[in-house]
Amino acid sequence: MTVPTGRRERKKAATRQKIADAALRLFLERGYDAVGIRDVAAEADVAVTTLFSHFASKEALVFEQDADFEQRLTQAVTDRAPDEPLIPALRREIHAMVRHCTGDGTAPIYRMIDESRALREYEESIRLRHADSLATAIAADPGLTQTTTACRTLARFVIDAYSLAREAADPQAAVDEIFRMIEAAWEVA
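Draft legend 1. Structural context of helix 9 (residues 148–167). Look at helix 9: 29 Å from first C-alpha to last across 20 residues, which is about the 28 Å you get at 1.5 Å a residue. Taken as a whole, helix 9 has its buried residues at A150, C151, L154, A155, V158, I159, A161, Y162, S163, A165 and R166.

Here it is, written out as structure tokens:
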């Protein structure tokens with residue numbers, strides 16, 4: 001996550017984090033469906049309007065790092081060295097994201113997501129948005145000459161690699177296995 005530099009930005013980031021932490025704590029204690037927005041606002045000691053100024057929906061409270069993940073994915077493309085191949089850069093970022101999302105204490109969160117239809121649907125919408133952003137970044141790279149369809153396909157595979165690896169018995173090995181297939185397909189394209 002980017003660290004805010006100004007006082008106002010730091011206060012906003014702290015409030016956002018306080019809300020997200022309160023929401024997650026309540027969701028895990030009581031169950032996602034049993035907790036309302038007013039409960040979260042009260043627990044975080046903020047007004048409901050303040051909560052909604054930081055999070056667009058109840059589901060967004062669970063996926064509070066969504067924007068950071070999307071930015072990291074596109075930056076893996078745009079910020080790589082001019083001579084660095086695309087696929088290894090994406091593999092490295094997916095490895096980092098999988099390590100983050102399979103760390104200690106994450107299992108109850110993913111169990112909660114799996115048990116809630118609303119959260120599963122929201123997660124799917126995030127994946128599609130991330131894939132679109134990633135495809136746009138890949139297509140805009142002047143060093144790449146693949147078609148728009150190839151860029152969109154690669155982006156979907158990368159996003160799916162993250163989801164599949166996160167659920168695997170050995171997530172890091174799964175990333176490597178999946179990316180061998182992605183790299184082979186990208187070379188053919």
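Draft legend 2. Representation of the side chain of S57 in the model. Checked against the element boundaries, S57 lands in the loop between helix 3 (48–54) and helix 4 (58–62). Within the structure, the side chain of S57 is placed 3.3 Å from the side chain of E59, a separation counted as a polar contact. Here A60 takes part through its backbone nitrogen, which lies 3.2 Å from a polar atom of the side chain of S57.

Draft legend 3. Looking closely at the packing of aromatic side chains. The final tally for this structure, using the stated rule, is two aromatic pairs. The interplanar angle of 35° and the centroid separation of 5.5 Å between the aromatic rings of F63 and Y122 together place this pair among those described as tilted. One end of the pair, F63, is in the loop between helix 4 and helix 5 (66–78); the other, Y122, is in helix 8 (residues 117–140), with 59 residues separating them in the sequence. Of note, K58 hangs over the ring of Y32, and the distance from its end group to the ring centre comes to 4.2 Å.

Draft legend 4. Inspection of helix 10 (residues 171–188) at higher detail. When the terminal C-alpha atoms of helix 10 are compared, their 26 Å separation across 18 residues agrees well with the 26 Å that a helix rising 1.5 Å per residue should span. Those residues of helix 10 lying buried are P171, A174, V175, I178, F179, I182 and W186. Burial along helix 10 is one-sided: seen end-on, the buried residues are contained in an arc of 120°. Helix 10 presents R180, M181, E187 and V188 as exposed residues on the side facing more than 90 degrees away from its buried surface.

Criteria and cut-off values
- Residues numbered from 1 in each chain as written.
- Predicted model: local features only at pLDDT ≥ 70, side-chain atom pairs only at ≥ 80, totals over all residues.
- Heavy atoms only, no water.
- Helix = DSSP H or I, 4+ residues; strand = E, 2+ residues; numbered from the N terminus.
- Expected span 1.5 Å × (residues − 1).
- Buried < 20%, exposed > 50% of the residue type's maximum accessible area, 1.4 Å probe, protein only.
- Polar contact = N/O pair within 3.5 Å; in protein donor to acceptor, adjacent residues only side chain to side chain.
- Phe/Tyr/Trp six-rings, centres within 6.5 Å; stacked < 30°, edge-to-face > 60°.
- Lys NZ or Arg CZ within 6 Å of the ring centre and 35° of its normal.
- Arc of directions from axis to C-beta.

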